[in-house]
Every structure is written in structure tokens, then in C-alpha cells.
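Topology and contacts: notes
One letter stands for each residue in the lines below.
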Amino acid sequence: MRTMQYLIPISVLAATTSLPAFAAEEGHGEGFIGGLAYAFTDPVTFTAFMAFVVFLLIAARMGAFKTILGGLDNRATAISAELEDARNLRERAAEALALAERRQQDADKEAEAMIDQAKADAKLIMAEARKDIADRLMRREALAEARIARAEAEATDQVRRAAADAAISAARRVLSEENGVDQFEAAAREIDRALS
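Given the structure is predicted, the values throughout are model-derived calculations rather than measurements.

The rules behind the values
Residues numbered from 1 in each chain as written. Predicted model: local features only at pLDDT ≥ 70, side-chain atom pairs only at ≥ 80, totals over all residues. Heavy atoms only, no water. Helix = DSSP H or I, 4+ residues; strand = E, 2+ residues; numbered from the N terminus. Buried < 20%, exposed > 50% of the residue type's maximum accessible area, 1.4 Å probe, protein only. Areas by Shrake-Rupley, 256 points an atom, 1.4 Å probe, with all protein chains shown as cover. pLDDT = per-residue confidence, 0-100. Contact = heavy atoms within 4.5 Å. Expected span 1.5 Å × (residues − 1). Arc of directions from axis to C-beta.

As for the overall build of the protein chain
Looking only at helices and strands, the protein chain has five helices and zero strands in total. Along the protein chain, from the amino end to the carboxyl end, the secondary structure elements read α-α-α-α-α. Across the 196 residues that make up the protein chain, the buried fraction comes to 10%. Accessible surface, the protein chain: about 16000 Å² in total, of which carbon and sulfur atoms supply 62%.

Examining the confidence of the model for the protein chain
Chain-level pLDDT for the protein chain is 78 on average; 72% of the residues reach the 70-or-more range. Looking over the protein chain, one finds the lowest element-wise mean pLDDT in helix 1 (residues 2–26), namely 50, and the highest in helix 4 (residues 64–176), namely 87. Confidence drops under a pLDDT of 50 for residues 17–28, and excluding neighbours within four residues, the segment shows twelve contacts in the predicted structure.

Remarks on helix 3 (residues 43–61)
The end-to-end C-alpha distance of helix 3, which contains 19 residues, comes to 26 Å, matching closely the 27 Å that a straight helix rising 1.5 Å per residue would cover. Of all the residues in helix 3, the buried ones are Val 53, Leu 56, Ala 59 and Ala 60. Looking down the long axis of helix 3, one finds its buried residues gathered within 125° of arc, a one-sided arrangement. Along helix 3, the residues that are exposed and aim more than 90 degrees away from the buried face are Pro 43, Val 44, Thr 47, Phe 55 and Arg 61.

Structure follows, in C-alpha cells:
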């Protein structure tokens, strides 16, 4: 900082001493340097320039440049801290995004597994229902067949009883009457009628 305090007055002094030489080379009022040399030859402009130089020297002596540079350093430090915070936030956001994507993939896999399990359960339930219906139909068919067989057996028994009763009554008549051949033929006809 001390070198800065001495550097500004030395540069101003060098500029003021070298300007008349440049002005003499280029001519009065030609170009930038000529115009600047004219400003040094003009008493009002030269006084304003010297007041500005004195102001800069006073400001440098009081530490204005140090304050400005310190403020710039502080601002640079604050900006770098904000950039670091932004970088950290970005990394956290990227990690959170990756975590959310992993959770989404896990949720998708779980949903697919649940759907597959539900399909398998539905197939199993349908197979069991079909088997249950087939078993019920088989039981009902067996029950119906047993009822039909029982009805047939009962009908056959009734026909046999009726035939036996007719034969017995015919035999009794034949035996009770004297006309054996005629009564036998009549009994045979009655048996045929009873059986038909």
C-alpha cells in the first residue's frame, strides 16, 4: 500500500514534465498529447489538474485507496463465498435429484412386482375357482346319476313286484279252478297284461 502512495505522485510528476516535450514534437493542439500539453499551458486547466492531483494525494494519504481496495477484496471474498455456497447447493440438489430418481426407480420396480404378484394371484384364484366349479359339477352329476340309478332300481323293483303279484294271483286262480288249460292260458294273458 505504501508503494501505491508513492507511485501516484511520481507518475503524475513524470507526466507533467514530459508533456511539454511531446507537445513540442507534435505541434500545438495536434493529437491527444498536444491537447494535453495545451491543457498544461493553460493556467485554469493546469490549476484544476493540480487540484485533482492534490486530491488524489490526500485521498491516498488518508487511506481511501486502501479502503476501496479492502472493500473490493471483501466483495471478492463475499462473491467467492457465495459461489462456493451456490456450488454446495448445486451438489446437494444433484444428490437430492439422484436420490429422488433412485426412489422413483425403486417405486416403479415395486409397482411392477405388485402388479406381477396380483396377476399371479388372480390366475391362482381363477384356477382354484375353475377346479371348485368342476368338482361341484362332478358331485352334482354323480348325485344325479345316483338318483337316476335309484329311480331305475325302484322302477325295476316295482315292475318285478307287479309281475310277481300278477303271477301269484294267476297261479292261485289256476289252482283254484278245475279247468287247468283254459285257466292257464287266461293267467298267462293276465301276466302279459300286467307286464305290459
